[in-house]
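These are the residues of each chain, in order.
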2 protein chains.
Amino acid sequence: MRVIFNEEMKQVADDLDHMAQDVRKAINGAGEALLKQDVEAAQTVIDGDIEIDALESSIIDQCVHLLAKQTPVATDLRVVVSTLRLASTFERMGDLARHVAEGARRTYPASPLPESAQPVFAEMIDFLSNTADQMVGMLADRDAKTAEHVILDDDKLDALHHQTFELALADDITRQQTVDIVLLGRFLERLGDHAVSAARRVVYIVSGFDPSKKPTRDEGTDID
Amino acid sequence: MRVIFNEEMKQVADDLDHMAQDVRKAINGAGEALLKQDVEAAQTVIDGDIEIDALESSIIDQCVHLLAKQTPVATDLRVVVSTLRLASTFERMGDLARHVAEGARRTYPASPLPESAQPVFAEMIDFLSNTADQMVGMLADRDAKTAEHVILDDDKLDALHHQTFELALADDITRQQTVDIVLLGRFLERLGDHAVSAARRVVYIVSGFDPSKKPTRDEGTDID
């Protein structure tokens with residue numbers, strides 16, 4: 001039984017790593033689409049979301065199968081339950097990256113963002129690209145230290161997100177640009193929030209302690 | 001073993017019903033806050049989100065405990081796994097209702113919305129209030145028919161959400177009102193999406209068939 005569990009669990013873990021890598025690719029592709037008006041990159045992210053969705057379905061099926069047939073306990077159970085939840089988090093991150101890509105594609109060959117907003121968005125994308133690297137790493141290595149770093153670092157993205165609201169209120173941009181700054185900023189900020197919840201699940205797998213029980217309450221998404 | 005499972009499962013199911021009722025209260029309170037500038041209603045929603053978060057934690061702990069000690073299979077396992085996922089969906093709905101309440105409180109005693117946007121937002125709130133009633137009912141009665149109704153009905157909310165973008169582009173409102181229309185519209189639309197995923201989980205519990213595998217791909221949240 002134990003051998004089968006480990007084999008099947010390895011397959012799910014590989015699929016989850018694969019999902020994290022796909023999400024990283026989607027974040028980087030969405031960044032290219034948004035900052036360089038790369039419409040092919042946008043299309044690749046949009047088309048690629050189907051694979052991310054399919055991986056989520058497959059991982060959930062495998063986890064339910066594992067729970068039914070192998071009845072894992074202790075750490076093994078924690079891994080299976082966390083895997084279920086991580087797959088949902090990654091699926092949502094894929095959706096958000098797709099929304100960013102769709103936003104970039106819609107105004108092609110122009111950018112949806114005014115010049116004034118480009119630097120802050122470039123910083124947000126840069127931050128998320130770095131976070132995505134850490135996310136892939138912490139998952140592959142069950143590395144709680146990197147995960148804690150992702151959790152603590154999110155304030156920087158929230159500060160950048162805050163700046164986008166000031167940019168959105170400028171008088172010398174179009175109303176559509178105001179709308180796009182608000183939505184695209186929100187999508188990027190939510191990508192960061194989801195990376196934080198992924199990091200919390202990794203800490204939980206490694207330590208058995210769930211840092212999501214700290215009262216963080218999604219404070220970064222206040223609309224003011 | 002079976003008796004204990006049923007007793008413990010009943011406790012989790014009660015907590016989940018409780019959570020759905022709290023979410024319904026939060027949606028209705030957020031609606032009062034937004035449409036009637038009821039700042040007390042806003043504060044109640046904001047404060048009440050802590051209870052929703054605590055219920056999620058407790059439900060997840062109970063599910064993990066059930067999986068470890070009772071090793072459920074077949075329908076029982078499906079119920080436990082769906083309960084885990086429903087708790088996360090409801091927690092997120094609580095966050096979104098809180099965001100709406102925070103948006104209303106920020107501009108008190110004025111409304112964050114211009115006059116022109118009030119009717120569409122009133123329709124969205126009305127729709128969600130009705131959806132919340134169905135959500136509580138479908139969960140308490142394991143009623144797949146109501147759940148399917150929630151899934152099919154979501155197009156109406158998406159159409160209303162689409163209208164908010166036109167309102168947001170008007171020249172005779174302030175930039176801040178444009179920002180608020182976009183964000184508040186997004187929060188309400190996401191509440192609808194989460195109600196749809198909750199409905200899908202109920203269908204899965206009842207029928208074993210997961211309608212989320214249909215390719216819906218969160219189309220309603222396109223930014224154009």
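Everything numeric here is computed off the predicted structure, so don't read it as measured data.

The rules behind each value
Position labels on residues start from 1 in each chain and follow its written sequence. Here chains are named by letter from A upward and ligands by number from 1 upward, in the order in which they appear as written. Local features are withheld for residues below a pLDDT of 70 in this predicted model, meaning they are given only at 70 or higher, and side-chain atom pairs are given and counted only at 80 or more; totals for whole chains, interfaces and linings count all residues. Excluded from the side-chain calculation are hydrogens and water; included are all heavy atoms of the structure. By definition, any uninterrupted DSSP run of H or I lasting at least four residues is a helix, any uninterrupted run of E lasting at least two residues is a strand, and each is numbered from the N terminus. Each radius of gyration reported is based on C-alpha atoms, and the globular scaling rule is 2.2 Å times the count of residues to the power 0.38. Here a residue-residue contact requires only that any non-hydrogen atoms of the pair lie within 4.5 Å. Per-residue accessibility takes into account occlusion by the displayed protein chains alone, with areas from the Shrake-Rupley method and a 1.4 Å probe. Only four residue types enter the tally: Lys and Arg on the positive side, Asp and Glu on the negative side, with His and both chain ends excluded. For charged residues, the charge sits on one atom: NZ in Lys, CZ in Arg, CG in Asp, CD in Glu. To get an axis, a line is fitted to the C-alpha atoms, and for a helix only the part in contact is used. The angle between two axes follows their N-to-C directions and goes from 0 to 180 degrees. These descriptions rest on fixed angle ranges, namely under 35 degrees for roughly parallel, over 145 for roughly antiparallel, 65 to 115 for roughly perpendicular, and the rest for oblique. By convention, the crossing between two helices is left-handed when the near helix turns anticlockwise from the far helix through less than a right angle, and right-handed when the turn is clockwise. Polarity classes work like this: nonpolar for Ala, Val, Leu, Ile, Met, Phe, Trp, Tyr, Cys and Pro, charged for Asp, Glu, Lys and Arg, and polar for all others, with Gly in that last group. UniProt positions are given in the numbering used here, feature names are shortened, and annotations may be inferred rather than shown by experiment. The rule for a salt bridge is simple: a side-chain nitrogen of Lys or Arg has to be within 4 Å of a carboxyl oxygen of Asp or Glu. Any residue under 20% of the maximum accessible area for its type is buried, any over 50% is exposed, and the rest in between are partly exposed; the area is computed with a 1.4 Å probe on protein chains only. Take the accessible area each of two parts loses on contact, using a 1.4 Å probe, and add the two losses: that sum is the buried area. As used in this structure description, the phrase polar contact means that two N or O atoms lie within 3.5 Å; if the pair is within protein, one of them must be able to donate a hydrogen and the other to accept it, and residues adjacent in sequence are counted only when both atoms belong to side chains. In this comparison the copies share one frame, found by least squares on the C-alpha atoms of residues holding pLDDT of at least 70 in both. Think of it this way: a Phe, Tyr or Trp ring, Trp meaning its six-membered ring, pairs with another when their centres are within 6.5 Å, and the plane angle makes it stacked under 30 degrees, edge-to-face over 60, tilted otherwise. In our convention, an over-ring charge means Lys NZ or Arg CZ found within 6 Å of a ring centre and within 35 degrees of that ring's normal. In this description, the term disulfide denotes a pair of cysteine sulfurs within 2.5 Å.

## Notes on the overall build of chain A
In step 1: Summing up its helical and strand segments, chain A has six helices and zero strands in all.
In step 2: In chain A, the succession of helices and strands from N to C terminus is α-α-α-α-α-α.
In step 3: Here the C-alpha atoms of chain A give a radius of gyration of 18 Å, agreeing with the 17 Å that 2.2 N^0.38 yields for 224 residues.
In step 4: Restricting the contact set of chain A to residue pairs at least 6 apart, pairs at least 24 apart contribute 85%.
In step 5: Surface accessibility of chain A: about 9000 Å² in total, with carbon and sulfur atoms responsible for 53%.
In step 6: One finds the centroid of the 23 positive side-chain charges in chain A at a distance of 6 Å from the centroid of its 41 negative side-chain charges.

## Thoughts on the packing of helix α2 (residues 39-70) of chain A against helix α3 (residues 74-106) of chain A
All names here are of chain A.
In step 1: Two elements in contact, α2 and α3, have axes separated by 9 Å at closest approach and are oriented at 165°. Accordingly, the angle class assigned to the pair α2 and α3 is roughly antiparallel. Two packed elements cross with a definite hand, and for α2 against α3 that hand is left-handed.
In step 2: Within the contact of α2 with α3, the residues separate by chemical class into 17 nonpolar, four polar and eight charged.

## Focus on the UniProt feature "domain: PhoU" (unreviewed entry) in chain A
All names here are of chain A.
In step 1: Taking the UniProt record as the reference, the feature "domain: PhoU" (unreviewed entry) is found at residues 17-102 and 122-202.
In step 2: In the segment residues 17-102, helix accounts for 94% and strand for 0%; the C-alpha atoms at its two ends are 25 Å apart.
In step 3: For residues 122-202, the end-to-end C-alpha separation is 28 Å, with 90% helix and 0% strand making up the annotated structure.

## Overview of the packing of α3(A) against helix α6 (residues 175-207) of chain A
Residue and element names in this part refer to chain A.
In step 1: With their axes 9 Å apart at the nearest point, α3 and α6 run at an angle of 165° to one another. Taken together, the axis directions place α3 and α6 in an arrangement best described as roughly antiparallel. Two packed elements cross with a definite hand, and for α3 against α6 that hand is left-handed.
In step 2: In terms of residue class, the contact of α3 with α6 is built from 16 nonpolar, eight polar and seven charged.

## Quick notes on the pattern of salt bridges
Residues and elements named next belong to chain B.
In step 1: Evaluation of the coordinates by the stated rule reveals 26 salt bridges over all chains.
In step 2: Taking the shortest distance from any N to any O, the salt bridge between Asp49 and Arg98 comes out at 2.6 Å. Separated by 49 residues along the polypeptide, Asp49 in helix α2 (residues 39-70) and Arg98 in helix α3 (residues 74-106) bring together distant segments of the chain. For the pair shown, Asp49 and Arg98 are each scored as buried.

## Considerations on the interface of chain B and chain A
In step 1: Contacts between the two partners involve 53 residues from chain B, matched on the other side by 52 residues from chain A.
In step 2: Buried area between chain B and chain A, summed over both chains or domains, comes out near 4400 Å², and the portion from carbon and sulfur atoms is 59%.
In step 3: Summed over the shared surface of chain B and chain A, the result is two salt bridges.
In step 4: The closest approach of N and O atoms between Arg85(A) and Glu56(B), which form a salt bridge, is 3.3 Å.
In step 5: If you look at where chain B meets chain A, you find 12 residue pairs in polar contact (both at pLDDT 80 or more).

## Considering the relation of the copies chain B and chain A
In step 1: If you rotate chain B by 180° and push it 0.0 Å along the axis, it lands on chain A with an RMSD of 0.0 Å. Considering both components of the superposition, the chain copies are consistent with a two-fold axis. Identified as the residue of chain B closest to the rotation axis by C-alpha distance is Thr71(B), at 2.9 Å.
In step 2: When the interface residues of chain B are mapped onto chain A, 98% of them are again interface residues, pointing to one common binding face.

## Focus on unusual backbone geometry
In step 1: Between Tyr108(A) and Pro109(A) the backbone carries a cis peptide bond, its omega angle lying at 5°.
In step 2: Checked against the element boundaries, Pro109(A) lands in the loop between α3 and α4 (118-141).
In step 3: With a phi close to 45°, Arg142(A) is a non-glycine residue in the positive phi region.
In step 4: Following the sequence through the fold, Arg142(A) ends up in the loop between α4 and α5 (144-168).
In step 5: Unusually for a residue other than glycine, Thr71(B) sits at a positive phi of about 35°.
In step 6: As for its placement among the helices and strands, Thr71(B) is situated in the loop between α2 and α3.
In step 7: With relative accessibility at 31%, the residue Thr71(B) sits in the partly exposed group.

## Here's the deal with the packing of aromatic side chains
In step 1: As enumerated under the stated definition, the model contains zero aromatic pairs over all chains in all.
In step 2: Here the guanidinium or amino end of Arg78(A) rests over the ring plane of Tyr204(A), the centre of that ring lying 5.9 Å away.

## Structural notes on the state of the cysteines
In step 1: Taken as a whole, this structure holds zero disulfides over all chains when the rule is applied.
In step 2: Cys63(A) takes part in no disulfide bond, and the closest cysteine sulfur to it belongs to Cys63(B), at a distance of 15 Å.
In step 3: On the basis of relative accessibility, which here comes to 0%, the residue Cys63(A) falls in the buried class.

## Considering the side chain of Gln37(B)
Residue and element names in this part refer to chain B.
In step 1: Structurally, the position occupied by Gln37 is in the loop between α1 (2-36) and α2.
In step 2: Classification of Gln37 by relative accessible area gives buried; the value is 13%.
In step 3: From its side chain, Gln37 meets the backbone oxygen of Ala110 in a polar contact 3.4 Å long.
In step 4: If we ignore the near neighbours within four places in the chain, the residues touching Gln37 are Glu32, Ala104, Thr107, Tyr108, Pro109, Ala110, Ser111 and Pro112.

## Section: the environment of Gln163(B)
In step 1: With respect to the element layout, Gln163(B) can be found in helix α5 (residues 144-168).
In step 2: A relative accessible area of 34% places Gln163(B) in the partly exposed class.

## Regarding the environment of Phe165(A)
All names here are of chain A.
In step 1: Tracing the sequence through the fold places Phe165 in helix α5.
In step 2: Relative accessible area serves as the criterion here: at 10%, Phe165 is assigned to the buried category.
In step 3: Sequence spacing of Phe165 and Ala42 is 123 residues, and the spatial spacing of their C-alpha atoms is 24 Å.

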